[in-house]
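Each chain is listed here by its residues.
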Amino acid sequence: MNSQPARNAVIIETRGVGKRFASTTALAGVDMRVRAGEVTCVLGDNGAGKSTLIKILAGVHPHSFGELLIDGAAHQFTSPRQALLAGIATVYQDLAMVPLMPVWRNFFLGGELVGPFGLLKTRTMKHQTRVELQKMGIVLRDVDQPVGTLSGGERQSVAIARAVYRGARVLILDEPTAALGVKQSALVLANIAEAKARGVGVILITHNPQHAWQVGDSFLVLNRGANLGQYRREDITQDELTELMAGTPAV
């Protein structure tokens, strides 16, 4: 597992990072800093370039120009595995879970604990799942229940706790509240705050400025692939943030 850096230390920095697909520029000149123990919100409507940016950070697409720095050193990810080795974990909207499998199996999916003769350490994994979920403030009735029986917010919570347990230094969340109601969204936002409190740098991708404002320390706004700037919380109001997303410059 990766060790956590000092709180507020810059883990990821992009300098003019962009992506071209043939003759089309999908993302142009993004400058961003992601710090340990902070939530960096990336905002914009559909087609703003949010997905392209997170795929660059997650190792799905190598950037075409600019610099991507991890702990101050230049990187060019060519696979998601390279991003994971750097401590960057991404929770996409599909959550990478198997609905019919129990919660504990999903929690350890791809990283199962194996004992003598190749037997799964079932009891240990169940216990560890309960402990790690409780650390994040998540209490489930039964870790043996299929993960598909959980609410949307609970599934997001399990995915967040799983990434933190596996040593993520930076956790990228792709529109985690997009399909959730008020109560379930509040649960996910609480888990984001808990991950932040544990020193994880969180990148929250969202088109909802209200949710961003509840947990964000800084806000990067994108519009049609263009970077409209990254603002610290003390340098912008919620109204200005909303106006900037709508295409009105913040004063």
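As a reminder, the structure under discussion sits directly above these lines.
Computed from a prediction, not measured in an experiment: that's the story for all the values here. (Residues numbered from 1 in each chain as written. Predicted model: local features only at pLDDT ≥ 70, side-chain atom pairs only at ≥ 80, totals over all residues. Heavy atoms only, no water.)

**Q** I'm lost on unusual backbone geometry in this one. Help?
**A** In most cases, non-glycine residues show a negative phi, while peptide bonds are predominantly trans. Even without a glycine there, the phi angle at Ala22 is positive, about 55 degrees. Tracing the chain through its elements places Ala22 in the loop between strand S1 (10-21) and strand S2 (24-35). We classify Ala22 as exposed; its relative accessible area is 78%. The backbone phi angle of Phe117 is positive, close to 65 degrees, even though this residue is not glycine. Topologically, Phe117 is positioned in the loop between helix H3 (103-107) and helix H4 (122-135). (Helix = DSSP H or I, 4+ residues; strand = E, 2+ residues; numbered from the N terminus. Buried < 20%, exposed > 50% of the residue type's maximum accessible area, 1.4 Å probe, protein only.)

**Q** Hey, could you run me through the packing of aromatic side chains in this one?
**A** Geometry of an aromatic ring pair is reported as the spacing of the ring centres plus the angle between the planes. Summed over all chains, the structure comprises four aromatic pairs. Seen in terms of ring centroids, Phe107 and Phe108 are 5.5 Å apart; in terms of plane orientation they differ by 65 degrees. Their pairing is edge-to-face. Here the two residues Phe107 and Phe108 agree in accessibility, since each one is buried. Under the relative-accessibility criterion, Phe107 is labelled buried at 0%. Feature note: the residues Phe107, Phe108 and Tyr165 constitute an aromatic cluster, connected by ring pairs. Sitting over the ring of Phe21, Lys19 keeps its end group 5.3 Å from the ring centre. Of note, Arg233 hangs over the ring of Trp213, and the distance from its end group to the ring centre comes to 4.2 Å. (Phe/Tyr/Trp six-rings, centres within 6.5 Å; stacked < 30°, edge-to-face > 60°. Lys NZ or Arg CZ within 6 Å of the ring centre and 35° of its normal.)

**Q** Explain the pattern of salt bridges here, please?
**A** When the charged atoms of two side chains lie near each other, side chains of opposite charge can form a pair. One pass over the full model with this rule turns up nine salt bridges. One salt bridge connects Lys126 with Asp144, and the closest N-O pair in it is separated by 3.1 Å. Here Asp144 lies in the loop between H4 and helix H5 (152-165) and Lys126 lies in helix H4, a separation of 18 residues in the sequence. Across the pair Lys135 and Glu132 runs a salt bridge whose closest N-O atoms are separated by 3.3 Å. One end of the pair, Lys135, and the other, Glu132, are both in helix H4, three residues apart, so they sit about a helical turn from each other. Glu132 gets classed as buried once you look at its relative accessible area, which sits at 5%. A network of salt bridges, in which partner residues are shared, links Glu13, Arg15, Arg33 and Glu67. (Salt bridge = Lys/Arg side-chain N within 4 Å of Asp/Glu carboxyl O.)

**Q** I would appreciate a short explanation of the side chain of Ser218 in the present structure.
**A** Relative to the elements of secondary structure, Ser218 occurs in strand S9 (residues 218-223). Of the residues examined, Ser218 reaches a relative accessible area of 1% and is grouped as buried. Separated by 3.0 Å, the side chains of Ser218 and Gln230 make a polar contact. In contact with Ser218, other than residues within four places in its own chain, are Val39, Thr40, Cys41, Gln230, Tyr231, Arg232 and Arg233. (Polar contact = N/O pair within 3.5 Å; in protein donor to acceptor, adjacent residues only side chain to side chain. Contact = heavy atoms within 4.5 Å.)

**Q** Looking at this structure, I do not really get H5. What am I missing?
**A** Each turn of an α-helix holds 3.6 residues, which means side chains three or four residues apart point in the same direction. For H5, which comprises 14 residues, the first-to-last C-alpha distance of 20 Å matches the rise-based estimate of 20 Å (1.5 Å per residue) to within 8%. With eleven of 14 residues buried, H5 lies mostly within the body of the structure. Gly153, Gln156, Ser157, Val158, Ala159, Ile160, Ala161, Arg162, Ala163, Val164 and Tyr165 are the residues of H5 that are buried. In the core, the buried residues of H5 are packed alongside strand S6 (88-91), H3, H4, strand S7 (170-174) and helix H6 (182-197). (Expected span 1.5 Å × (residues − 1).)

**Q** So what exactly am I meant to see when it comes to the pairing of strand S4 (residues 65-70) here?
**A** Within a regular strand, the side chains alternate between the two sheet faces. Relative to S4, S1 runs antiparallel, the two sharing five bridges. When the sheet's bridge partners are listed, Thr14 is paired in S4 with Leu68. Pairing analysis gives three bridges linking S4 to strand S5 (residues 73-75), with the strands arranged antiparallel. Pairing of Ile70 across the sheet is with Ala73, part of S5. (Pairing = 2+ DSSP bridges.)

**Q** Just checking my understanding: could you explain the side chain of Gln145 for this structure?
**A** Its location among the elements puts Gln145 in the loop between H4 and H5. Only 3.0 Å separates the side chain of Gln145 from the side chain of Thr149, close enough to count as a polar contact. Once residues lying within four places of it in the same chain are set aside, the contact partners of Gln145 are Met101, Pro102, Val103 and Leu150.

**Q** What am I meant to see in the packing of H5 against H6 here?
**A** Describing two packed helices takes the angle between their axes plus the distance from one axis to the other. Orientation of H5 relative to H6, taken along the N-to-C sense of each, is 10 degrees, at an axis distance of 8 Å. Considering the angle they form, H5 stands roughly parallel to H6. Taken together, the residues of H6 that come into contact with H5 (itself represented by Gly153, Glu154, Gln156, Ser157, Ile160 and Val164) are Gln184, Leu187, Val188, Asn191, Ile192 and Ala195. Residue classes in the contact of H5 with H6 are distributed as six nonpolar, five polar and one charged. (Axes fitted to C-alpha atoms, helices over the stretch in contact; angles between N-to-C directions. Parallel < 35°, antiparallel > 145°, perpendicular 65-115°, else oblique. Nonpolar A, V, L, I, M, F, W, Y, C, P; charged D, E, K, R; others polar.)

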